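Single-letter residue listing:
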Amino acid sequence: MGIDPATDEAWMRYAIRLAQRAEQQGEVPVGAIVVKDGRCIAEGWNIPITSHDPTAHAEVVALRGAGIQVENYRLNDATLYVTLEPCVMCMGAMSHARIKRLVFGAYDPKRGAVCNALSLTDASFLNHRINWDGGVLETECSEMLRGFFKARR
């Protein structure tokens, strides 16, 4: 069975709604969900400021919830959707969780660890490879981030 772009867009719209929650809390607007067997098993949005936790990126929050949901830190055959290209920390967490596929919205030229600042999906020192697709609803995801930072300046 192939990848369905309409399904990816629908899940990304869900992640965008979560990113809006982060923004309402004064956090950088990033949202993430973990999908397994066609259903969302966990969600998260950026909360490092409100939780006083530097690791509380949307992806990590979603991975923690997914691990609890399936009672295993290994999330084989799961897809993680996130509105921004993940950082180094989040890519490491996804690798350890054995995420099968990553789908992200906006590219992050300065800190993105999928295909920009680093390419950790191809790193020889990691023993797990994550398939990925970037740029899903890129315009919406990018505009949300730009608007957030513009308002803060």
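Residues numbered from 1 in each chain as written. Predicted model: local features only at pLDDT ≥ 70, side-chain atom pairs only at ≥ 80, totals over all residues. Heavy atoms only, no water.

Asker: Would you mind going over the sheet that holds strand E2 (residues 39–45) with me for this structure?
Answerer: Sheets are built from strands that pair by backbone hydrogen bonding, the pairs being arranged parallel or antiparallel. Spatial strand order, E2-E1-E3-E4-E5: five strands in an open sheet with mixed pairing. The outermost strands of the open sheet, each flanked by one partner alone, are E2 and strand E5 (131–133). For this sheet, the mean angle separating the axes of adjacent strands, direction not counted, is 20°. Pairing geometry for strand E1 (residues 31–36) and strand E3 (residues 79–84), over four bridges, is antiparallel. Its bridge partner being in E3, Ile33 is matched across the sheet by Tyr81. Contacts from helix H3 (residues 58–70) reach E1, E2 and E3 within the one sheet, and its direction differs from that of E2 by about 140°. Relative to the sheet, helix H5 (residues 138–152) contacts E3 and strand E4 (101–106), its axis offset from that of E4 by approximately 60°. (Pairing = 2+ DSSP bridges. Helix = DSSP H or I, 4+ residues; strand = E, 2+ residues; numbered from the N terminus. Axes fitted to C-alpha atoms, helices over the stretch in contact; angles between N-to-C directions. Contact = heavy atoms within 4.5 Å.)

Asker: I tried to follow the UniProt feature "binding site: Zn(2+)" (unreviewed entry) in the protein chain on my own but got confused; where do I start?
Answerer: Here the UniProt feature "binding site: Zn(2+)" (unreviewed entry) sits at His57, Cys87 and Cys90. Spanning 34 residues, the named residues form one tight spatial group whose C-alpha atoms are at most 9.3 Å apart. Turning to its location among the elements, Cys87 is positioned in the loop between E3 and helix H4 (88–97). Setting aside residues no more than four positions away along its own chain, Cys87 makes contact with His57, Arg111 and Ala113. With respect to the element layout, Cys90 can be found in helix H4. On the basis of relative accessible area, Cys90 is assigned to the buried category, the value being 0%. In this view, Cys90 contacts His57, Glu59 and Val60; residues no more than four positions away in its chain are not counted. (UniProt positions renumbered as here; feature names shortened; annotations may be inferred. Buried < 20%, exposed > 50% of the residue type's maximum accessible area, 1.4 Å probe, protein only.)

Asker: Could you clarify how one ought to interpret the UniProt feature "domain: CMP/dCMP-type deaminase" (unreviewed entry) in the protein chain in this entry?
Answerer: The positions UniProt marks with the feature "domain: CMP/dCMP-type deaminase" (unreviewed entry) are residues 6–133. The span residues 6–133 carries 36% helix and 22% strand; its end-to-end C-alpha distance comes to 13 Å.

Asker: In this structure, what is going on with the pairing of E4? I would like to understand it.
Answerer: Consecutive side chains of a regular strand alternate in pointing toward one face of the sheet and then the other. The element E4 is extensively covered by neighbouring structure, given that six of its six residues are classed as buried. Handedness of the crossover is the feature at issue here: the chain leaves E3, passes through H4, returns alongside E4, and the resulting connection is right-handed. Judged from the three bridges that link them, E4 and E5 form a sheet pairing that is parallel. Its bridge partner lying in E5, Val103 is registered against Asp133. (Right-handed = clockwise from strand over helix to strand, strands pointing away.)

Asker: Whenever I open this one, the pairing of E2 confuses me. Can you help?
Answerer: Across six bridges, E1 lies against E2 in antiparallel orientation. Among the inter-strand pairings, Ala32 is bridged to a residue of E2, identified as Gly44.

Asker: Whenever I open this one, the packing of aromatic side chains confuses me. Can you help?
Answerer: Given two aromatic rings, one states the distance between the centres and the angle between the planes to describe the pair. Within the structure shown, the criterion is met by five aromatic pairs. Both rings, one in Phe104 and one in Tyr107, keep their centres 5.1 Å apart while their planes meet at 85°; by these two values the pair is edge-to-face. Judged by relative accessible area, which is 0%, Phe104 ranks as buried. Consider the rings of Phe104 and Trp132, whose centres lie 5.8 Å apart with planes at 15°: the pair is stacked. You can see Phe104 sitting in strand E4 and its partner Trp132 sitting in strand E5, a full 28 residues away along the chain. Judged by its relative accessible area of 31%, Trp132 is partly exposed. An aromatic cluster of three or more residues is present, and its members are Trp11, Tyr14 and Tyr81. (Phe/Tyr/Trp six-rings, centres within 6.5 Å; stacked < 30°, edge-to-face > 60°.)

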